[in-house]
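For reference, the chains in residue letters:
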Amino acid sequence: MVKKKLRQWYLRITEYADRLLQGLQTVDFSDAMKEMQTNWIGKSIGAEISFEIKAASHEQEGTKPKALSSKLIVYTTRPDTIFGVDFMVVSPEHELVKLITTAEQKAEVEKYIDYVNSRSERERMAEKKITGCFTGAYAINPFNAKPIPVWISEYVLAGYGTGAIMAVPCGDERDFKFAKHFNIPITNIIGDHFNGEEANDTKEAKLTNSDFLNGIVMKDAIDLVVKQIETLGIGKKKINYRMRDAAFSRQRYWGEPFPIKWKDGTAYPLSENELPLLLPKVDSYSPGPEGEGPLANIPEWVAKELETNTMPGYAGSSWYFLRYMDPHNDVTFCDRKVSDYWNQVDLYIGGTEHAVGHLLYSRMWTKALYDLGFIGYDEPFKKLLNQGMIQGSSRFVYRIQGTNKFVSAGLKSQYETNELHADVNFVDGVELDIEAFKKWRNGEYANAEFILEDGKYICGAEVEKMSKSKFNTVNPDDLVARYGADTFRMYEMFLGPVEQSKPWDTKGIEGVHRFLKKLWRLFFDETKGPIWTESAPSLSERAGGEATAEELKTLHKTIKKIEDDTERFSFNTAVSAFMVCVNELADLKCNKREVLEPVLIMLVPYAPHIAEELWKALGNSNSILDASFPIFEAKYVAESTKEYPVSINGKLRTTLSLDINISQQEVEPIVLANETVQKWLEGKAQKKIIFVKGKMINIVI
RNA sequence: GCGGAUGUGGCGAAAUUGGCAGACGCACUAGACUUAGGAUCUAGCGCCGCAAGGCAUGUGGGUUCGACCCCCUCCAUCCGCACCA
């Protein structure tokens, strides 16, 4: 493997950082999503302060300090701690390192930089060792002329802020640990708030040891110091973002071409009449000779000096919803009148895995198009609903180290084993189908031996992301073939709240399937054929009369529930409401078109195929998609009495059927006369009777 | 470490505004129909108890006439970010 520098294009998303942050307040996203984007953008308000540097070792030797033209500029969010700075840390890659390192420290610094370079990013993140090296140089605190040793350490990142920090060990945990590790004396500027055992990042402490800031509460001192450094011309207020510009070119894959051509090493955009730039037809998508994209393999493309990188997937995914509004327009991507008409995407259902990618890029893209006047809004998605992930349920086998023997999960503690994913498709529950396992991966385990428990090989199990690499993927095609797409769709909805993740488990799918069959039987009998009836006798020989009050009550109760549940994305309870409805209609032996037809219409989004099929079976010639949603009428569900729960001291003891409009005065004597209530009162007088109309009755004794 | 979420029967879950905990479904038990049942129907099904009743929404506390729901403590699991000064 060889590391190579490649030409890359970047999307200047950092230009939009602040607006992407502001915009979050105007959209209906979950808090988790807003939090993720906010953290990713990582806005921080602070100051850049520049420090004079002197090479102290020269001074000590009595020679003239070497005049250093470069100053050390640090970024801090806590300028109020300026008098607590006990050392500086610059990143090992910082350009100043070479300039300021003293002769005495040169060897050590070089050794340290070699060490840092030897470590991969992964190692650096995984093991957080405290490492560092003194440069021999000192920065001068501009307020009290105190010399501050300058160190280098890998914990300071070159890419953030100025790549250098002022370390305040009494207020920052990492700085504190660093100071302890290298025995750097710690200045306490927060009085009692610092205990010497750990740093305290409070902003509430009154400053001590801080010259002109003494006695001022830290959070109030921040602006004071910023003003002061601005007056002195040694720094300025500065806002930083953690977010980086997004790499916007790809080499390995086919993607949209850049409308860019090169001339003498300079990139020029193609003129309008050269657009659209279309990709050539190719047979092979292999990468170009020097790790460039596939386009570098195409002579006519290269001859025109066109850019050979292609765009990443999110180039298209950032704005496709606009094209969907006006897909056949060959003049512009989407006519302004059209996008004004459709406006924002009302509801976007997607997973959180796109939180800091696609969902951030589309927001930026929309803002750019808005700025250019192509669309009239700068947020793409009005509301975002995060559906949970269907996770995989992984199975593991345990191979005894250095052997081809596998030990059943219950016995694995007796051996040194390696855990391997086994394909869930040949595990029944947790029992491994050994023969299938032996044939797996072209017989890689054909000669494996197995240590069984009770004659079975038991696998370990864990819930993980569903992924091919974990061999825990299941193919929905099998289920669709067996139960149909409607059952599959409805079962997914029935599993639980949409926004919750859960492992894929088909245990309950039968229930949904039975429901659909039961629905079917309201229309058709296995032997008799069609059994639905018409309300008006003249329309059919199967006349059933008017729908009864009970039938209409079931229907309208369901209309209300489905409307409400769908509106609040509570699909699992909506499915259950359909089940209740069909159960009730079956109990009532209701086969009336007048009642069944509205149920079908409501069912369309949940089980579209069967709804349409039954709709057609009823003799409708249009599509059920064009039918209008049934209208709820309260009169059919109105009750005249209510079964009130009666509690004594909050514990349910009995229920009473009472007039819906009964008042507290009327209730009290009825309740007190009740046999069960009398029994529980045991002759004692009640202190209070709580009566909540339409809800409950509670007697306090 | 920081941030977000979630904990309710054997299982998936419901309880929408603080007011009957467990709707609906799976699994299970018994029965009916049947040549048959991986079809359908009936009944039962949180735990303890013969019953009356008691106990139950991760733990411990608080507020309230009343808490799965509000507040505090702790525990567990999942997800995201992970040295961002």
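Residues numbered from 1 in each chain as written. Chains lettered and ligands numbered in written order. Predicted model: local features only at pLDDT ≥ 70, side-chain atom pairs only at ≥ 80, totals over all residues. Heavy atoms only, no water.

### Some remarks on the overall build of chain A
- On a plain count of helices and strands, chain A comes out with 23 helices and 27 strands.
- For 701 residues, the compact-globule formula gives about 27 Å, and the C-alpha radius of gyration of chain A, at 36 Å, lies well above that figure.
- Residue burial in chain A is summarised as follows: out of 701 residues, 42% are buried.
- Restricting the contact set of chain A to residue pairs at least 6 apart, pairs at least 24 apart contribute 65%.
- Across chain A, 87 positive and 99 negative side-chain charges occur, with their mean positions spaced 2 Å apart. (Helix = DSSP H or I, 4+ residues; strand = E, 2+ residues; numbered from the N terminus. Rg over C-alpha atoms; globule rule 2.2 N^0.38 Å. Buried < 20%, exposed > 50% of the residue type's maximum accessible area, 1.4 Å probe, protein only. Contact = heavy atoms within 4.5 Å. Lys, Arg positive; Asp, Glu negative; His and termini not counted. Charge placed at Lys NZ, Arg CZ, Asp CG, Glu CD.)

### Brief notes about the protein's contact with RNA strand B
- Taken together, 54 residues surround RNA strand B, and among them Thr77, Arg174, Arg482, Lys502 and Arg514 come closest.
- Of all atoms in RNA strand B that approach within 4 Å of the protein, 59% are sugar or phosphate atoms.
- At a separation of 3.0 Å, a base nitrogen of RNA strand B approaches a polar backbone atom of Leu157.
- Note that a sugar or linking oxygen of RNA strand B is positioned 2.4 Å from one of the side-chain N or O atoms of Arg174. (Near = heavy atom within 4 Å. Polar contact = N/O pair within 3.5 Å; in protein donor to acceptor, adjacent residues only side chain to side chain.)

### Examining the packing of aromatic side chains
- With the rule as written, the count across this model stands at 43 aromatic pairs.
- A ring pair is formed by Phe83 and Phe143, whose centres lie 5.9 Å apart and whose planes are at 50°; its orientation type is tilted. One end of the pair, Phe83, is in the loop between strand E3 (72-76) and strand E4 (87-90); the other, Phe143, is in the loop between strand E5 (133-140) and strand E6 (147-152), and 60 residues separate them in sequence.
- Among the residues examined, Phe83 registers a relative accessible area of 4% and is labelled buried.
- Phe143 gets classed as buried once you look at its relative accessible area, which sits at 17%.
- Judged by centre distance (4.9 Å) and plane angle (5°), the ring pair of Phe437 and Tyr445 falls under stacked.
- Site record: aromatic cluster; members linked through ring pairs are Trp9, Phe248, Phe258, Trp262, Tyr314, Tyr361 and Trp365. (Phe/Tyr/Trp six-rings, centres within 6.5 Å; stacked < 30°, edge-to-face > 60°.)

### Examining helix H20 (residues 593-603)
- Counting buried positions over the 11 residues of H20 gives 10, a clear majority of the element.
- For H20, the complete set of buried residues consists of Arg593, Val595, Leu596, Glu597, Pro598, Val599, Leu600, Ile601, Met602 and Leu603.
- On its buried face, H20 sits against helix H16 (485-494), helix H17 (509-521), helix H18 (549-567), helix H19 (571-587) and helix H21 (608-617).

### Considering the sheet that holds strand E25 (residues 651-659)
- Reading across from one edge, E25-E24-E27-E26 is the order of the 4 strands in this open sheet, with mixed pairing throughout. The sheet terminates laterally at E25 and strand E26 (688-692), the two strands that pair on one side only. Put simply, the sheet's adjacent strands are angled 20° from each other on average, direction ignored.
- Here helix H22 (residues 664-673) sits on the sheet and contacts strand E24 (641-648), E25, E26 and strand E27 (696-700); the angle it forms with E26, its principal contact strand, is near 120°. (Pairing = 2+ DSSP bridges. Axes fitted to C-alpha atoms, helices over the stretch in contact; angles between N-to-C directions.)

### Brief notes about the side chain of Ser339
- Residue placement: Ser339 occurs in helix H12 (residues 336-342).
- Once residues within four sequence positions are removed from consideration, Ser339 is found in contact with Met325, Cys334, Phe374, Ile375 and Tyr377.

### Describing the side chain of Thr187
- Along the chain, the position of Thr187 falls in the loop between helix H7 (173-181) and helix H8 (218-232).
- Overall, the relative accessible area of 19% leaves Thr187 in the buried class.
- Engagement of the side chain of Thr187 in a polar contact is seen with the side chain of Asp86, the distance being 2.5 Å.
- Among the polar contacts made by the side chain of Thr187, one reaches the side chain of Lys146 at a distance of 3.5 Å.

### So, the environment of Val575
- Its place among the elements puts Val575 in helix H19.
- The class for Val575 is buried, based on a relative accessible area of 0%.
- Here the alpha-carbon distance between Val575 and Thr202, two residues 373 residues apart in the chain, equals 52 Å.
- Dropping the residues within four chain positions of it, Val575 is found in contact with Met490, Met493, Phe494 and Tyr606.

### Let's talk about the packing of helix H2 (residues 31-41) against helix H13 (residues 358-371)
- Following both chains from N to C, one finds H2 and H13 inclined at 75°, their axes separated by 11 Å at the closest point. Between H2 and H13, the interaxial angle falls into the category roughly perpendicular. Residues Met33, Gln37, Trp40 and Ile41 of H2 form the contact with H13, whose participating residues are Leu359, Leu360 and Arg363.
- The class makeup of the residues in the contact of H2 with H13 is 5 nonpolar, 1 polar and 1 charged. (Parallel < 35°, antiparallel > 145°, perpendicular 65-115°, else oblique. Nonpolar A, V, L, I, M, F, W, Y, C, P; charged D, E, K, R; others polar.)

### Side note on a negative patch on the surface
- On the surface, Glu173, Glu197, Glu198 and Asp201 cluster together to form a negatively charged patch.
- For Glu197, the position within the fold is in the loop between H7 and H8.
- Taking relative accessible area as the criterion, Glu197 reaches 63% and is therefore assigned exposed. (Patch = residues over 30% accessible without salt bridge, like charges linked within 9 Å, V, L, I, M, F, W, Y side chains within 5 Å. Areas by Shrake-Rupley, 256 points an atom, 1.4 Å probe, with all protein chains shown as cover. Salt bridge = Lys/Arg side-chain N within 4 Å of Asp/Glu carboxyl O.)

### Some thoughts on unusual backbone geometry
- Along the chain, Leu275 connects to Pro276 via a cis peptide bond; the corresponding omega equals -5°.
- Examined against the element boundaries, Pro276 turns out to sit in the loop between strand E11 (266-269) and helix H9 (299-303).
- Phi at Asn183 takes a positive value of approximately 55°, unusual for a residue other than glycine.
- Along the chain, the position of Asn183 falls in the loop between H7 and H8.
- Of note, the phi angle at Asp264 is positive, near 50°, even though the residue is not glycine.
- Among the secondary structure elements, Asp264 is positioned in the loop between strand E10 (260-263) and E11.

### Focus: the nonpolar core
- Membership of the largest hydrophobic core comes to 50 residues, with the highest contact counts inside it found for Met490, Phe523, Leu603 and Tyr606.
- Counting only elements with at least two residues in this core, the list comes to helix H15 (476-483), H16, H17, H18, H19, H20 and H21.
- Per element, the largest residue contribution to this core is 9 residues, and it comes from H19.
- Here Phe523 is in contact with Gly529, Pro530, Ile531, Trp532, Leu596, Leu600, Leu614 and Leu618, once residues within four sequence places are set aside.
- Formed by 42 residues, the second largest nonpolar core is a distinct cluster that contains Phe83, Ile148, Ala221 and Val225. (Core = buried A, V, L, I, M, F, W, Y, C linked by side-chain atoms within 4.5 Å.)

### Let's talk about the pattern of salt bridges
- Within this structure, the stated rule accounts for 32 salt bridges.
- Here Lys367 and Asp378 are joined by a salt bridge, their closest N and O atoms 3.4 Å apart. One end of the pair, Lys367, is in helix H13; the other, Asp378, is in the loop between H13 and strand E13 (381-386), with 11 residues separating them in the sequence.
- Sharing partners across several salt bridges, the network here consists of Arg19, Arg363, Lys367, Asp371, Asp378 and Glu379.

### Here's the deal with H17
- Taking 1.5 Å of rise per residue, the 13 residues of H17 would be expected to cover 18 Å, and the 19 Å separating its terminal C-alpha atoms lies within 8% of that figure.
- Of the positions making up H17, those classed as buried are Ile509, Val512, His513, Phe515, Leu516 and Leu519. Seen from one end, H17 has its buried residues packed into an arc of 155°, which puts them on one side.
- Of the surrounding elements, those touching the buried residues of H17 are H15, H16, H19, H20 and H21. (Expected span 1.5 Å × (residues − 1). Arc of directions from axis to C-beta.)

### Re the packing of H15 against H17
- Where H15 meets H17, the closest approach of the two axes is 12 Å, and the angle between their N-to-C directions is 35°. Considering how the two elements wind past one another, H15 and H17 form a crossing that is right-handed. Contacts from Leu479, Arg482 and Tyr483 of H15 reach H17 at Ile509, Glu510 and His513.
- Residues of the contact of H15 with H17, tallied by class, amount to 3 nonpolar, 1 polar and 2 charged. (Left-handed = near helix turned anticlockwise from the far one by under 90°.)

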